[in-house]
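Working through the structure, step by step
Residue strings, one per chain:
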Amino acid sequence: MADEKILIVDDEKSMCQYLAIMLKKEGYSIKTVNNGKKAIKEISSSNYDVLLTDIRMEGIDGIEVLKQVKEIDPNLPVIIMTAYASQKTAIEALNMGAFYYLIKRAAKNEEIKMVVRNALDMHKVRNENVFLKKQLKKKDGTRKIIGKSEEIQKVFHLIDKVADTESTILVTGESGTGKELVARAIHYQSSRANTPFVSINCGALPENLLESELFGHVKGSFTGAIKDKEGLFKVASGGTFFLDEVGETSPAIQVKLLRVLQEREIIPVGGTSPIKVNVRLVAATNADLEEAVHSGSFRADLYYRLNVIPINIPPLRERSDDIPLLVDHFLRIASENVGREKSISKEAMDLLINFDWQGNVRELENVIERSVILQDGDLVDVCDLPDRVRLFSKDRRKLVMDKTQITLEELEKEYLLSVLEETNWQKKKASSILGINASTLYRKIQRYGLEREQETVAL
Ligand SMILES: Nc1ncnc2c1ncn2[C@@H]1O[C@H](COP(=O)(O)OP(=O)(O)OP(=O)(O)O)[C@@H](O)[C@H]1O
Ligand SMILES: [Mg+2]
């Protein structure tokens, strides 16, 4: 309790001593000062939990102290003391936010102790509230899905529609597009919002471990299983279960997942009897699951059970309208972290808008964070951006400018080839960079006889 600090202000020395002795006995740490000016100085320079102040003092009186404390630390409870009972000042003090009004000498020790105790309790609650509010704000602020593009609006719309249903959802999108963010948004907008949101990355664990994490195990079922372990499906009971990178699961796990979806039950590793689970499933993948089904690496029945409601998040380069908003959002967060307000130049912003963001929002977030940390001034400019972003559009212009002696056709052929190489011959990506549709690209490849260089396959 010694960490609860009380400041006593009274120009009557004996009163200070009397109160100090009584409250020290209660285990509080006490500081006394004999005028209002010193009191204000104390409050401004260290943290107190309660202030007891006399009203009538030379210079700055108790009411003025109260006024100033409300400016400096509005959460600090102030107990006003006076030698004379005057209803008028009492009401004035209480109206101004004093915690309590004590009449010296009339107040019994027990009353003083109780008032101080209550004030301390209130201070604690107020501080906790401030802390919780901050936490909430932080959570809200950092977890909010930012965007205004048509593409992301469609995602918002879908989330609103499906959140409060029990349907299984499959969130797809390239790495870093915000799949986990969407999964969380679904949970927090659903009626399960006050229940657990449990997530697991299926790609991050070896098969055996993943299986026992998901479904639990019984004691002795394998070396190291020294006691029963509850699976995450059980832990998530009543809540939402987020299966991240579901495309990475082995056939054995896929069978077990199918069981969860069909029967709503699990069998722990080494166990015999099924356990009922009540979870809402949201899965995510950056792999092409349909393709995986065709190639036989993903069970078709599981795919259809997962893909009840698909939500696809388009890559960031296809919704560049979102980039300025995201940049501002990440700038704000990064500025808060470094304790300095930063803005961005128009030229730098243009580069960010035009970059192709293979790593999507996560890459953009990292670029902003890095630029803010490495940069000393208040303005993030072109020179603060990483080379790949800075030189991105220049690279393309260089190609055009360096080869002035070639025909337009030759230029087109060379540029096509460079984009195809750059995208690893992913025709969809290449055609989106080139601004043509896939069949036009295909025709051009045929026409120019473009061929992919044969890769050597390591055996
Ligand atoms: N629209 C958005 N608004 C604000 N932040 C976003 C948005 N989209 C993504 N982010 C941020 O980008 C980062 C990556 O998001 P998230 O982890 O949800 O992506 P993901 O699709 O699950 O990626 P991966 O496939 O690599 O797991 C996170 O820090 C997330 O907060
Ligand atoms: Mg993810």
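For clarity, every value in this text was computed on a predicted model and none was experimentally measured.

**Observations regarding the site of ligand 1**
Neighbouring residues of ligand 1: 18 residues in total, closest Ile146, Ser175, Lys179, Arg362 and Glu365. In the environment of ligand 1, an oxygen atom lies 2.8 Å from a nitrogen or oxygen atom belonging to the side chain of Arg362. When isolated, ligand 1 has an accessible area of 630 Å², and the protein chains bury 87% of it. Every element with two or more residues in the shell around ligand 1 is listed here: helix H7 (179–188), helix H13 (322–338) and helix H15 (360–374). Residue composition of the shell around ligand 1, by class: 6 nonpolar, 5 polar and 7 charged. Both domains that furnish three or more residues to the shell around ligand 1 are identified here as domain 2 (162–313) and domain 3 (317–390).

**Description of a positive patch on the surface**
Among the surface-exposed residues, Lys31, Lys37, Lys38 and Lys41 lie close enough to one another that they form a single positively charged patch. Within the secondary structure, Lys41 sits in helix H2 (residues 36–45).

**Describing the domain arrangement of the protein**
The accessible area lost on association of the parts is a frequent measure of interface size. Domain parsing of the protein yields domain 1 (5–136), domain 2 (162–313), domain 3 (317–390) and domain 4 (403–448). Here the C-alpha centre of domain 4 lies 30 Å away from the C-alpha centre of domain 3.

**With respect to a nonpolar patch on the surface**
A cluster of nonpolar side chains, namely Val338, Ile373 and Leu374, defines an oily patch on the protein surface of about 280 Å² accessible area. Inspection of the secondary structure puts Ile373 in helix H15.

**Some details on the pattern of salt bridges**
Here the structure, examined in full by the defined rule, presents 23 salt bridges. A salt bridge links Lys229 to Glu213; its shortest N-O distance comes to 3.1 Å. Taken together, the positions of Lys229 in strand S9 (residues 229–230) and Glu213 in helix H8 (residues 207–215) put the pair 16 residues apart, joining distant regions of the chain. The exposure class of Lys229 is partly exposed, given its relative accessible area of 31%. For Glu213, a relative accessible area of 23% corresponds to the partly exposed category. In this structure, Glu409 and Arg447 form a salt bridge, with 2.5 Å as the shortest nitrogen-oxygen distance. Taken together, the residues span a long stretch of sequence, with Glu409 in helix H18 (residues 408–422) and Arg447 in helix H20 (residues 438–448) at a distance of 38 residues. Residues joined in a network through salt bridges with shared partners are Asp10, Glu12, Asp54 and Lys104.

**Notes on the sheet that holds strand S14 (residues 309–312)**
Adjacent strands of a sheet form backbone hydrogen bonds with each other and so pair up, either parallel or antiparallel. Ordered in space as S7-S10-S13-S6-S14, the 5 strands form an open sheet in which the pairing is parallel. Of all strands in the sheet, those with a lone pairing partner are strand S7 (197–201) and S14, marking the two edges. Neighbour to neighbour, the strand axes of the sheet diverge by 20 degrees on average, direction disregarded.

**Topic: the environment of Ser345**
Summarising the element assignment, Ser345 is placed in the loop between strand S15 (343–344) and helix H14 (346–354). A C-alpha to C-alpha distance of 30 Å links Ser345 and Tyr415, two positions 70 residues apart in sequence. Look past the residues within four positions of Ser345 in its chain and what remains in contact with it is Leu379, Val380, Asp381 and Val382. A polar contact of 3.1 Å, which involves the side chain of Ser345, links it to the backbone nitrogen of Ala348.

**A few points about the side chain of Ser149**
Note that Ser149 resides in the loop between helix H5 (109–143) and helix H6 (150–162). Leaving out residues up to four positions away in the same chain, Ser149 has contacts with Arg319, Asp321 and Asp322.

**Looking at the packing of H18 against H20**
Where H18 meets H20, the closest approach of the two axes is 11 Å, and the angle between their N-to-C directions is 115 degrees. Along this stretch, H18 crosses H20, giving a crossing that reads as left-handed. For the pair H18 and H20, the contacting residues are Glu409, Glu412, Lys413, Leu416 and Leu420 in the first and Leu441, Lys444, Ile445, Arg447 and Tyr448 in the second. Its residues assigned to classes, the contact of H18 with H20 comprises 5 nonpolar, no polar and 5 charged.

**Focus on the nonpolar core**
The nonpolar side chains of a soluble globular protein tend to be buried with one another. One finds Leu214, Phe233, Phe241 and Leu243 to be the most contacted residues of the largest nonpolar core, which totals 30 residues. Listing elements by their share of this core, those giving two or more residues are S7, H8, helix H9 (232–235), strand S10 (240–244), helix H10 (251–263), strand S13 (280–285), helix H11 (289–295) and helix H12 (300–306). Top element by residues in this core is H10. It accounts for 5 residues.

**Some points on the confidence of the model for the protein**
Averaged over all residues, the pLDDT of the protein equals 87, while 92% of them reach at least 70. Per-element confidence in the protein ranges from a low mean pLDDT of 55 for helix H17 (residues 392–402) to a high of 97 for strand S6 (residues 169–172). Within the model, the stretch residues 455–459 combines pLDDT values under 50 with 0 contacts to residues more than four positions away or in other chains.

Reading the values: the criteria
Residues numbered from 1 in each chain as written. Chains lettered and ligands numbered in written order. Predicted model: local features only at pLDDT ≥ 70, side-chain atom pairs only at ≥ 80, totals over all residues. Heavy atoms only, no water. Near = heavy atom within 4 Å. Polar contact = N/O pair within 3.5 Å; in protein donor to acceptor, adjacent residues only side chain to side chain. Areas by Shrake-Rupley, 256 points an atom, 1.4 Å probe, with all protein chains shown as cover. Helix = DSSP H or I, 4+ residues; strand = E, 2+ residues; numbered from the N terminus. Nonpolar A, V, L, I, M, F, W, Y, C, P; charged D, E, K, R; others polar. Domains from an automatic or database assignment. Patch = residues over 30% accessible without salt bridge, like charges linked within 9 Å, V, L, I, M, F, W, Y side chains within 5 Å. Salt bridge = Lys/Arg side-chain N within 4 Å of Asp/Glu carboxyl O. Lys, Arg positive; Asp, Glu negative; His and termini not counted. Charge placed at Lys NZ, Arg CZ, Asp CG, Glu CD. Buried < 20%, exposed > 50% of the residue type's maximum accessible area, 1.4 Å probe, protein only. Pairing = 2+ DSSP bridges. Axes fitted to C-alpha atoms, helices over the stretch in contact; angles between N-to-C directions. Contact = heavy atoms within 4.5 Å. Left-handed = near helix turned anticlockwise from the far one by under 90°. Core = buried A, V, L, I, M, F, W, Y, C linked by side-chain atoms within 4.5 Å. pLDDT = per-residue confidence, 0-100.

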